[in-house]
Amino acid sequence: MHAVAVIGAGRIGRIHAANVAAHPRLRLACVADVASDAAQALAARHGSVARDVATALADPAIDAVVIASPTALHCDHMLAAAEAHPGRAIFCEKPIDLDLARARAVVERLDRIGARVLIGFNRRFDPHFAALGSRLASGAIGTIEAIHIVSHDPAPPPPAYLANSGGLFRDMVIHDFDMARWLLGAEPVGVFASAACLVDPGIAAVGDVDTARTILRAADGRLCTISSSRRSGYGYDQRIEAYGAGGMIRVGNVTETMLETWGPTGGSTDSLQNFFLDRYAQAYRTEIAHFADVIDGVAPQVTLHDGIAALVLAEAAERSVRSGKMEAP
């Protein structure tokens, strides 16, 4: 079994630690966090041990590292993990960093080291979206002409979180930028975005927006539109539609159950799942299963350069909001 260290004992670290501990080829060797109490509690839950971050990253007995620390520490932890043992596999949550220049500099160093890094764009591993990607790649609807992505959260996070999140495009829409690149199979050459604060004045007070519409344009004219909101009011709204010369393929929302009720006045379904950890629970498990393959030598499906490309689009979207024009990434 491969010994894995999880760096970060917060919400996403707890998800990854549980999935590592449950995987038959992985062993949760240790948990590390600057908050030692949180690390100890998470380690105890899975029969592991808690260590300080530096010790965990330097340990030659650790085969792989899962980085689920705050975004501002991602680069430091990736570099420390790779420089200590260049051959080990690294999983890093998105985004690589909030600063594009710093992210590029760190990726250049990681490339020189030959680091093997999987970036945590978990939606590629969702079974519904993965099936969509496979169907499109098979040519089921011919040449893809346009993609429409809807990503609306049930309710906004507190302004205190948003103040340090990097903003809507880097924190939230970055997932959709990755999905757009992946599904289009092309790098956008133009980004137009318009955004506003319509949900919570407290979000505007910390300099962020909560509602956006973004258009990505590929060099051949193909388009992707992204609808983003911090609040739907009706559940976690996650949908994608792809249009091609031969038709359309659509992935709808996942509801709490598959129940439908029909009566004289019409029909109704169960409510949408209301939290991203529920909607993407299988995606997180599959992502860690792929990481186990990466440890064994398989190439990562989502690379450092995918992380940079998504951050480039996020920065271009922010510039477009300010300029009111389509911006080149």
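So, a few notes on the structure that sits alongside this text. (Residues numbered from 1 in each chain as written. Predicted model: local features only at pLDDT ≥ 70, side-chain atom pairs only at ≥ 80, totals over all residues. Heavy atoms only, no water.)

## Some remarks on the nonpolar core
Here comes step 1: Met 78, Ile 96, Ile 147, Phe 177 and Phe 291 are the most contacted members of the largest nonpolar core, which totals 93 residues.
Here comes step 2: It is helix α8 (residues 168-184) that contributes the most residues to this core, 10 residues altogether.
Here comes step 3: Apart from the residues lying within four places of it in its own chain, the contact partners of Phe 177 are Phe 169, Thr 214, Leu 216, Ile 226, Ala 310, Leu 313, Ala 314 and Ala 317. (Core = buried A, V, L, I, M, F, W, Y, C linked by side-chain atoms within 4.5 Å. Buried < 20%, exposed > 50% of the residue type's maximum accessible area, 1.4 Å probe, protein only. Helix = DSSP H or I, 4+ residues; strand = E, 2+ residues; numbered from the N terminus. Contact = heavy atoms within 4.5 Å.)

## What to know about the pattern of salt bridges
Pairing between side chains of opposite charge can happen when their charged atoms approach one another.
Here comes step 1: This structure, assessed with the given rule, holds 24 salt bridges.
Here comes step 2: A salt bridge links Arg 170 to Glu 315; the shortest N-O distance between them is 3.8 Å. Placement of Arg 170 in helix α8 and of Glu 315 in helix α12 (residues 304-323) is noted, with a sequence separation of 145 residues between them.
Here comes step 3: A residue is classified by how much of its surface remains accessible, and Arg 170, at 9% relative accessible area, is buried.
Here comes step 4: Arg 170 is the partner of Glu 318 in a salt bridge, and the nearest nitrogen-oxygen pair spans 2.8 Å. Here Arg 170 lies in helix α8 and Glu 318 lies in helix α12, a separation of 148 residues in the sequence. Grouping residues by exposure puts Glu 318 and Arg 170 together as buried.
Here comes step 5: Each of the salt bridges in this network shares a partner with another, and the network as a whole consists of Arg 124, Asp 178, Arg 181, Glu 187 and Asp 306. (Salt bridge = Lys/Arg side-chain N within 4 Å of Asp/Glu carboxyl O.)

## Quick word on the sheet that holds strand β11 (residues 237-244)
Here comes step 1: Sheet architecture is open: six strands sit in the order β8-β9-β10-β7-β11-β12, paired in mixed fashion. For this open sheet the edge positions go to β8 (188-196) and β12 (247-251), each flanked by a neighbour on one side alone. Neighbour to neighbour, the strand axes of the sheet diverge by 10 degrees on average, direction disregarded.
Here comes step 2: Note: β11 against β12, five bridges, orientation antiparallel. Each residue of the ladder has a partner; that of Gly 244, found in β12, is Gly 247. (Pairing = 2+ DSSP bridges. Axes fitted to C-alpha atoms, helices over the stretch in contact; angles between N-to-C directions.)

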